[in-house]
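Report on the structure
The primary structure of each chain is shown beneath.
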Amino acid sequence: MSSTKFIFVTGGVISGIGKGITFASLGRILKNRGYKVFAMKLDPYLNYDPGTMSPFQHGEVFVTQDGAETDLDLGHYERFIDVELSATSSVTSGRVYKKILNQERKGLYGGSTVQVIPHVTNEIKNYIKRAASESGADIVMVEVGGTVGDIESEPFLEAIRQMRMEEGYDSTFYIHLTLVPFIDTSEEYKTKPTQHSVKTLRSIGISPDLIILRSKGMLSSEIKEKVALFCDIRKENVISVPDLKNIYELPLVLEDQHLDQAVARHFKFDDRISDMSKWRDMVKRMDEVTEKVKIGLIGKYVKLHDAYLSVSCALQHASYALNRKVEIKWIESESITKDNVAKKLEGLDGLIIPGGFGIRGIDGMVEAARCARENNIPLLGICLGLQIIAIEFARNILGYSDATSIEFNQETTHPVIHYLSDQYDGIDLGGTMRLGNSKLVLKDKTKTKDLYKLNETLERHRHRYEFNSLYKNEYEKNGLIEAGFNPERNLTEVFELKNHPFYIGCQFHPEFKSRPDRPHPLFLGLIEESIKASNNS
Ligand code: GLN
């Protein structure tokens with residue numbers, strides 16, 4: 001038994017009702033109460049990690065500082081709680097089963113039959129307990145993906161049920177989040193789905209200690225009382241979360257209903273308050289902003305905005321900090337041609353070309369980069385975006401018309417983006433990328449360094465290919481200069497164009513490090529110049 005307290009959050013009725021954000025918001029108020037919080041997600045699918053899943057299906061892959069490719073909910077945890085998480089924070093069925101099968105092949109089970117209970121459940125509990133010991137947190141928060149009743153989440157629910165037996169009642173707290181639908185015709189909220197969901201949870205041995213009800217509007221105390229009665233919960237442990245215009249309001253909504261006190265009461269914590277005053281000021285400032293800044297996001301997965309979740313959050317953070325509300329125009333890169341590019345980008349104050357994989361839509365991005373370069377439109381290129389900036393420059397300034405990345409054409413005579421032979425053996429797609437933190441040194445007399453106001457820092461990566469250093473001198477002679485590099489392997493990490501208000505490409509993903517109250521310098525730079533551009537137009 002450890003001294004750590006554990007909070008388990010399960011979902012009921014349907015998915016997609018903001019369980020991750022609610023969970024992350026609770027983390028923030030507990031942190032502001034003075035506790036060290038660690039967060040993890042248990043995902044029941046069989047992929048080892050989301051690294052090889054299509055952004056169309058699963059949204060963005062969030063990368064932690066230690067290079068784990070994880071669920072986008074971890075991004076919410078980092079942004080709200082302001083912690084740096086790790087591979088320990090992300091456990092999938094695939095990861096659990098792979099470990100068990102490896103152990104079984106090595107004969108480590110001593111001839112016994114390997115079963116879901118106890119072997120799979122033990123392994124899941126081990127991951128949770130390891131998170132507690134490695135993080136040294138006062139509270140480990142565990143979100144179980146999916147909804148109660150899914151076949152594949154059963155081993156996870158069984159494992160968290162057993163945690164109460166092992167860690168004790170006072171050290172474990174179960175929160176269930178459900179949907180309370182509003183029926184338009186009868187104009188009433190219905191709690192029946194919640195009652196059923198709690199019943200299902202009970203049938204597997206978990207009695208929730210607190211219920212969070214998601215609904216269109218704020219629920220009345222009568223509805224909360226009804227849920228408390230039917231689900232056998234203290235009335236003050238029923239919390240209502242209505243739809244919100246600004247997701248950063250959520251910690252305040254939870255705090256106003258004393259969610260942290262409910263948790264503290266259960267854990268027998270001392271009486272203190274969660275100081276949310278700075279957060280409250282931040283949300284107030286956000287709400288007061290009226291002026292807009294219009295940013296075009298040129299990507300290939302734009303039909304699913306979740307594929308660029310951290311990028312759009314980082315744009316928001318930087319815009320709010322500069323008293324603007326960002327309006328993102330989602331532009332399908334495949335639809336951009338030489339002839340229509342000016343029209344497509346009309347009225348935009350700035351552009352962003354985010355990360356991506358595969359050849360589809362590349363030429364459209366190159367056209368957008370050309371248009372931004374020639375017309376002084378602020379542009380931030382991230383990862384693939386840096387590679388596009390390099391390709392466009394080689395084609396249109398250096399005159400290498402077939403210049404490209406070897407990701408798109410292995411035969412090109414000008415592979416300005418290539419891979420390093422020690423990095424990738426060309427076989428497996430999973431786990432062969434440059435992932436996680438790597439050192440970035442910033443060069444003097446560059447706009448990038450002026451923005452960072454640092455000599456060096458760490459940034460997170462997720463890519464296979466790199467800028468080909470054989471071409472560096474030629475680029476620099478023609479005005480695209482290296483503003484940041486990795487000293488260990490001498491890799492170009494940032495390019496910036498001279499004599500342009502803001503034309504910067506970075507090989508890493510700055511969006512993962514942006515926080516609502518601490519925007520990333522590169523995003524701040526982009527928005528600052530975009531605001532200037534909008535004032536001039
Ligand atoms: N496809 C490119 C690479 O693997 C860029 C990856 C990205 O944008 N995350 O290098």
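You'll find the structure just up there.
What you see is a predicted model, and the numbers here were worked out from it, not measured in a lab. (Residues numbered from 1 in each chain as written. Predicted model: local features only at pLDDT ≥ 70, side-chain atom pairs only at ≥ 80, totals over all residues. Heavy atoms only, no water.)

**Remarks on the nonpolar core**
Soluble globular proteins tend to pack their nonpolar side chains together in the buried interior. To be explicit about the condition: Within this scheme, the nonpolar core is defined by two criteria: the residues are buried Ala, Val, Leu, Ile, Met, Phe, Trp, Tyr or Cys, and they are joined through side-chain atoms within 4.5 Å. Between buried and exposed lies partly exposed: a residue is buried under 20% and exposed over 50% of the maximum accessible area for its type, with that area taken using a 1.4 Å probe on protein chains only. In this description, contact between two residues means that some pair of their heavy atoms is separated by no more than 4.5 Å.
In this structure, Ile7, Leu26, Leu42, Ile128, Val140, Ile160 and Leu259 are the most contacted members of the largest nonpolar core, which totals 78 residues. Setting aside anything within four residues of it in sequence, one finds Ile160 in contact with Phe8, Thr10, Leu42, Ile128, Val144, Tyr174 and Ile206. Listed in part, the 40 residues of the second largest apolar core include Ala368, Ala390, Ile417 and Tyr475.

**A short note on the pattern of salt bridges**
Convention followed: Here, a salt bridge means any Lys or Arg side-chain nitrogen found within 4 Å of an Asp or Glu carboxyl oxygen.
Counted under the stated rule, the structure contains 46 salt bridges. A salt bridge links Asp43 to Lys41, with the shortest nitrogen-to-oxygen separation between them at 3.5 Å. Neither Asp43 nor Lys41 differs from the other in exposure class; each is buried. Because the salt bridges share partners, they merge into one network encompassing Glu78, Asp82, Glu84, Arg460, Arg515 and Arg518.

**Things to note about the sheet that holds strand β14 (residues 350–353)**
Within a beta sheet, neighbouring strands are joined by backbone hydrogen bonds and run either parallel or antiparallel to one another. The following threshold applies: What makes two strands pair is DSSP finding at least two bridges between them. Strands are runs of DSSP state E lasting at least two residues, helices are runs of H or I lasting at least four, and both sets are numbered from the N terminus onward. What counts as an axis is a line fitted to C-alpha atoms, over the stretch in contact for a helix, and the angles between N-to-C directions run from 0 to 180 degrees.
The strand order across the open sheet formed by 9 strands is β13-β12-β14-β15-β23-β22-β21-β18-β19, and the pairing between neighbours is mixed. What marks the edges here is a single partner per strand, and that holds for β13 (325–332) and β19 (456–463). Each adjacent strand pair in this sheet contributes to an overall mean axis angle of 25°, direction not counted. In this sheet, strand β23 (residues 503–506) lies alongside strand β22 (residues 491–497) in antiparallel orientation, the contact comprising 3 bridges. In the strand pairing of β23, Glu496 is matched with Ile504. Lying over the sheet, helix α12 (residues 309–321) contacts β12 (292–299), β13, β14 and β15 (379–382), oriented at roughly 150° with respect to β13. Against the sheet, helix α15 (residues 384–396) engages β14, β15, β21 (480–486), β22 and β23, with an angle of about 115° to β15.

**Structural notes on α12**
What counts here: Expected helix span is computed as 1.5 Å times (number of residues minus one).
Here α12 contains 13 residues, and its C-alpha end-to-end distance of 18 Å stays within 8% of the 18 Å for a straight helix at 1.5 Å per residue. Most of α12 sits out of view: 11 of its 13 residues are buried. Where α12 is concerned, the buried positions are Leu309, Ser310, Val311, Ser312, Cys313, Ala314, Leu315, His317, Ala318, Ser319 and Tyr320. One or two steps after α12, the chain reaches Asn323, where phi turns positive at roughly 60°.

**What about the side chain of Thr172?**
Just so we agree on the cut-off: We call two N or O atoms a polar contact when they sit within 3.5 Å, provided that within protein one can donate a hydrogen and the other can accept it, with sequence-adjacent residues counted only if both atoms are side-chain atoms.
Note that Thr172 resides in strand β7 (residues 172–179). When its relative accessible area of 0% is taken as the criterion, Thr172 is described as buried. Within polar-contact distance, the side chain of Thr172 engages the backbone oxygen of Gly168 at 2.9 Å. The residues touching Thr172, leaving out its near neighbours within four places in the chain, are Phe6, Phe8, Met163, Arg164, Glu167, Asp209, His266 and Phe267.

**Observations concerning the pairing of β7**
Counted residue by residue, β7 has 8 buried out of 8 residues, so it is predominantly covered. Of the two faces of β7, the one carrying Thr172, Tyr174, His176 and Thr178 and the one carrying Phe173, Ile175, Leu177 and Leu179 are both buried. Bridge analysis of strand β1 (residues 5–11) against β7 gives 6 bridges, and the strand direction is parallel. Residue pairing for β7: Val9 is matched across the bridge by Ile175. The pairing of β7 with strand β10 (residues 210–215) spans 5 bridges and is classified as parallel. Along β10, the bridge assignment pairs His176 with Ile211.

**A closer look at the packing of aromatic side chains**
Put simply, the test is: Note on ring pairs: Phe, Tyr and Trp rings are taken, using the six-membered ring of Trp, and paired if centres are within 6.5 Å. Classes follow the plane angle, with under 30 degrees stacked, over 60 edge-to-face and the rest tilted.
A full pass over the atoms with the stated rule returns 20 aromatic pairs. Measuring from ring centre to ring centre gives 6.1 Å for Phe173 and Phe267, while their planes differ by 65°; the resulting arrangement is edge-to-face. Within this pair, whereas Phe173 is found in strand β7, its partner Phe267 is found in helix α10 (residues 259–267), the two being separated by 94 residues in sequence. The two residues Phe173 and Phe267 agree in class, both being buried.

**Digging into the site of the ligand**
Filter applied, for reference: It suffices for a single heavy atom of a residue to lie within 4 Å of a molecule or strand for the residue to be listed as near it. Using the Shrake-Rupley algorithm and a 1.4 Å probe, accessible areas are obtained, with residue cover drawn only from the displayed protein chains. Asp, Glu, Lys and Arg are counted as charged, while Ala, Val, Leu, Ile, Met, Phe, Trp, Tyr, Cys and Pro are counted as nonpolar; the rest, among them Gly, fall into the polar class.
For the ligand, the full set of nearby residues is Gly355, Gly356, Phe357, Cys383, Leu384, Gln387, Glu407, Arg462, His463, Arg464, Tyr465 and His509. Backbone polar atom of Leu384 to an oxygen atom of the ligand: 3.0 Å apart, as the coordinates give it. The separation between a nitrogen atom of the ligand and a polar side-chain atom of His509 is 3.2 Å. Considered on its own, the ligand offers 300 Å² of accessible surface; in the complex 99% of this is hidden by protein. Elements that contribute at least two residues to the shell around the ligand include exactly α15 and β19. Among the residues making up the shell around the ligand, the classes are represented as 4 nonpolar, 5 polar and 3 charged.

**A closer look at the sheet that holds strand β16 (residues 404–405)**
Taken together, 3 strands build an open sheet; the order of strands is β16-β17-β20 and the sheet is mixed. Looking at which strands have only one partner, the edges of the open sheet turn out to be β16 and β20 (466–467). Of the pairings in the sheet, the one linking β16 to strand β17 (residues 415–418) comprises 2 bridges and is parallel in character. Bridge pairing in β17 links Thr404 to Pro415.

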